[in-house]
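Commentary on secondary and tertiary structure
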Amino acid sequence: MTTAKFATMPASLDKRLLAARTAWVAVTVLVVALVALGVPGLYARLIAGVDERSVTDLGWTLAGYGTYLTGLYLLVVVAHLVIGAIVYWRRSNEWIALALAFALVCNGALLPLSLIYPSGSVSPVVQLLVGLVTYIGLVTGLSLLYLFPDGRFIPRWTRLMVIAWAGLLSFAIFTPNSALSLAAWPIPLQLLVLVVWSGVGLFAQLHRYLEVSSPLQRQQTKWAILGLVLAVLGPFGYFLPFVILPALSDPEVPNILYQRIGPSLFTFSLVFRLIGLTGFTLALLIFPASFVVAILRYRLWDIDVIINRTLVYGVLTGTLALVYLGGVALLQTMFYGLTGQGDQLAIVATTLAVAALFNPLRRRIQAVIDRRFYRRRYDAARALAAFSGTVQEEVDLEDVSQALLRVVEETVQPLQTSIWLRDIRPGS
Amino acid sequence: MRRSIKYLFLLVASLVALLAMSVFFVNRSVEQRLARTYEFPIEPIEVPSDAAAIERGRHLVTTIFFCQECHGEDLAGKPHFSDPLSGTVSARNLTAGAGGLGGKISDADWVRVIRHGVDEDGHPLIEMPSNSYYYIGDADLGAIIAFLKSLPPVDNELPERDLGLFYQLAILSDPSLIPAEVIDHTAPRPPAPEPAVSAEYGKYLATACTICHGPDLSGGTAAGAGLDLTGGGNLIEWTEVEFMHALRTGERPRGEDIDPSRMPWKRVGKLTDDELRAIWLYLQTLQ
């Protein structure tokens, strides 16, 4: 991919990039601090915002409900942070990669921060810091849609769109009550702005994809663009659950009304809301996930090895943690049923099982990820082995040609394949 | 591959069609039930206007019949739900202000609403616990209507009822949510007992308690439901004094607090000593 490198930049640009890299570290520390400090408040807010009767009716506890949703939001933050940190670590000498690192770190925290620090309920300083993270996330998110993958504005006039967007957002976030604030405009006008800005970004990407990008760039960027579009449209999604999902699990419903109507309506609503929130929250992972696919599958920025390892060990850690927790719970229940005790035994047995599982599971996960993302390497090895066996057994030229065509089609997957054979007849 | 996609598409399309048909059926079914017009003779009730009767009405409305739980402290109504899946449902404004019933409906309409769960146009109400209020005596009902008519007007225009799918499903699963359907509107009503410290009067007062504590007061099964108030139930070790103390102060005999968001003890605690004793006597008769 053609992008300007740090080493080839003039000194002034060099300093600017250095400042931007330092700023990324500062913003990341800020995001981590804001989220970490706000986790207890988020948990308490989640618990206070749900009807305990419905949670109980579901066979759950308030603690379980709060832990589940808190964990879900943290998963989004951590996934964005990890991918952002890897991109920063390996490619922060490129402006476009640095912008992506900013977008990942800030966008991943947008939803949790908006829940942890609702507007008007925190000190002005905290409000300003949260606003700063939100501003950076929304500006870099949309800018990427205009700049990705080579960091140039194509068409050139689209730079005005980004400048205008940055201006609009600065009023909306830092002076929300001013007349120029997007937040103070009528809803249809707000929607129009969002549709126009994301629509032009999509147009720019489409134009770039069809007219400018090389075939490799097209492969590399198609996944990343999916993530970018979702990152830009994400802010719409934040409000969607609150618009379409039922509010019946609010604790304000008087008990006499709750009992009069019966719990099924409220419990069903809570289930629906949980499913909706889970879906919307997990959808936020598409932004980092699409870049992971682009990096792994199409070698975007050549940092696939790092992502590969992160993915393998991330999935491995998660799976082993689940196995450990599930195993301890299951064995404890079994041992208690059989002997009336067995806390220690269950923990020891599960720990041993997890230790034994480590290597086989790591190999299995590695194989699955290689099969999904390293198709060429994975298939080529198998195909070549099969082809060499076929060639050894075949003497007919036609059969060998067919086998060769098949191998090429399976491994390279070209649009069209043909074999040209030199005619060696005498006189030809 | 293409065949698989085709089958998958057909499966998804069939499921969507099935879902759409189900939603249509549920909607039609519930809307038809709510569009039904109920016609039955309304017993004439004398609605007094003297201060004592109005005070009696206020006492009943603000204590044992729990009207403010749904209609709000000022009885000017309040929205219960407002989201696309559950719909828009509000408890009506009972005052004479804008959007209210007061001053717009006749005494007979009030009887129709409270006792029969049917609105002034003859259409069934939802949520209104008229199946419990059906047994309110004529004198008390007259006092309640007198009090409601005396309420200071509060302007509160509430949105029209518009049931969402979830609420319609709830109605399908529980017919009593349309009380007009489960009430025998022409059945003879037992005469209301005279106010006294008696189990009979206690039973009369405890009618609305069945909403949370179950039809036989043996406790509800839902989360947050009321306790088992029968002889062998949760009050087995309580004395009459402790019962009255708990309802007056929200403190159980062992010192635990009663959650007012679950058990509206602040309302019930305003009953007179004799009324609470009557209820206690009634509870002692339950097995």
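First, a word on scope: everything that follows refers to the structure included in this document.

A separate point is the side chain of R208(A). Residue and element names in this part refer to chain A. On the secondary structure map, R208 appears in helix α7 (residues 187-212). A distance of 2.9 Å separates the side chain of R208 from the backbone oxygen of Y146, its partner in a polar contact. From its side chain, R208 meets the backbone oxygen of R152 in a polar contact 2.6 Å long. In this structure, R208 is in contact with Y146, L147, F148, P149, D150, R152, I154 and S213, ignoring residues within four places of it in sequence.

Counting residues in each nonpolar core, the largest one holds 76 residues, and the members touching the most others are I64(B), F65(B), I114(B), L148(B), Y167(B), F243(B) and L283(B). Ignoring anything within four residues of it in the chain, the contact list for F243(B) reads L235(B), W238(B), L276(B), I279(B), W280(B) and L283(B).

All names here are of chain B. Here the structure, examined in full by the defined rule, presents 17 salt bridges over all chains. A salt bridge links R248 to D273; the nearest nitrogen and oxygen atoms lie 2.2 Å apart. Of the two residues, R248 sits in helix α11 (residues 240-249) while D273 sits in helix α13 (residues 273-285), which places them 25 residues apart along the sequence. Residue R248 is classed as partly exposed on the basis of its relative accessible area of 33%. Among the ionic pairs, D274 bridges to R277, the shortest N-O distance being 3.2 Å. Residue D274 and its partner R277 are located together in helix α13, separated by three residues, close to a single helical turn. With relative accessibility at 28%, the residue R277 sits in the partly exposed group. Salt bridges sharing partners connect three or more residues here, namely E43, R115, D138 and R189.

Attention now goes to the packing of aromatic side chains. With the rule as written, the count across this model stands at 15 aromatic pairs over all chains. With centroids separated by 5.7 Å and ring planes inclined at 50°, the aromatic side chains of W60(A) and Y68(A) adopt a geometry described as tilted. According to the relative accessible area criterion, Y68(A) is partly exposed, its value standing at 31%. Their ring planes at 90° and their centres at 5.5 Å tell us that Y134(B) and Y135(B) sit as a pair that is edge-to-face. Classification of Y134(B) as buried rests on a relative accessible area of 3%.

Residue and element names in this part refer to chain A. Contact geometry for helix α3 (residues 62-91) and helix α10 (residues 263-283): axes closest at 9 Å, N-to-C directions at 15°. Put simply, α3 runs roughly parallel to α10. Between α3 and α10 lies a crossing whose hand is left-handed. The residues of α10 that touch α3, namely those facing Y65, Y68, L69, L72, Y73, L75 and V76, are L270, L274, L277, T278, T281 and L282. Its residues placed into classes, the contact of α3 with α10 shows 11 nonpolar, two polar and no charged.

Basis of the calculations
Residues numbered from 1 in each chain as written. Chains lettered and ligands numbered in written order. Predicted model: local features only at pLDDT ≥ 70, side-chain atom pairs only at ≥ 80, totals over all residues. Heavy atoms only, no water. Helix = DSSP H or I, 4+ residues; strand = E, 2+ residues; numbered from the N terminus. Polar contact = N/O pair within 3.5 Å; in protein donor to acceptor, adjacent residues only side chain to side chain. Contact = heavy atoms within 4.5 Å. Core = buried A, V, L, I, M, F, W, Y, C linked by side-chain atoms within 4.5 Å. Buried < 20%, exposed > 50% of the residue type's maximum accessible area, 1.4 Å probe, protein only. Salt bridge = Lys/Arg side-chain N within 4 Å of Asp/Glu carboxyl O. Phe/Tyr/Trp six-rings, centres within 6.5 Å; stacked < 30°, edge-to-face > 60°. Axes fitted to C-alpha atoms, helices over the stretch in contact; angles between N-to-C directions. Parallel < 35°, antiparallel > 145°, perpendicular 65-115°, else oblique. Left-handed = near helix turned anticlockwise from the far one by under 90°. Nonpolar A, V, L, I, M, F, W, Y, C, P; charged D, E, K, R; others polar.

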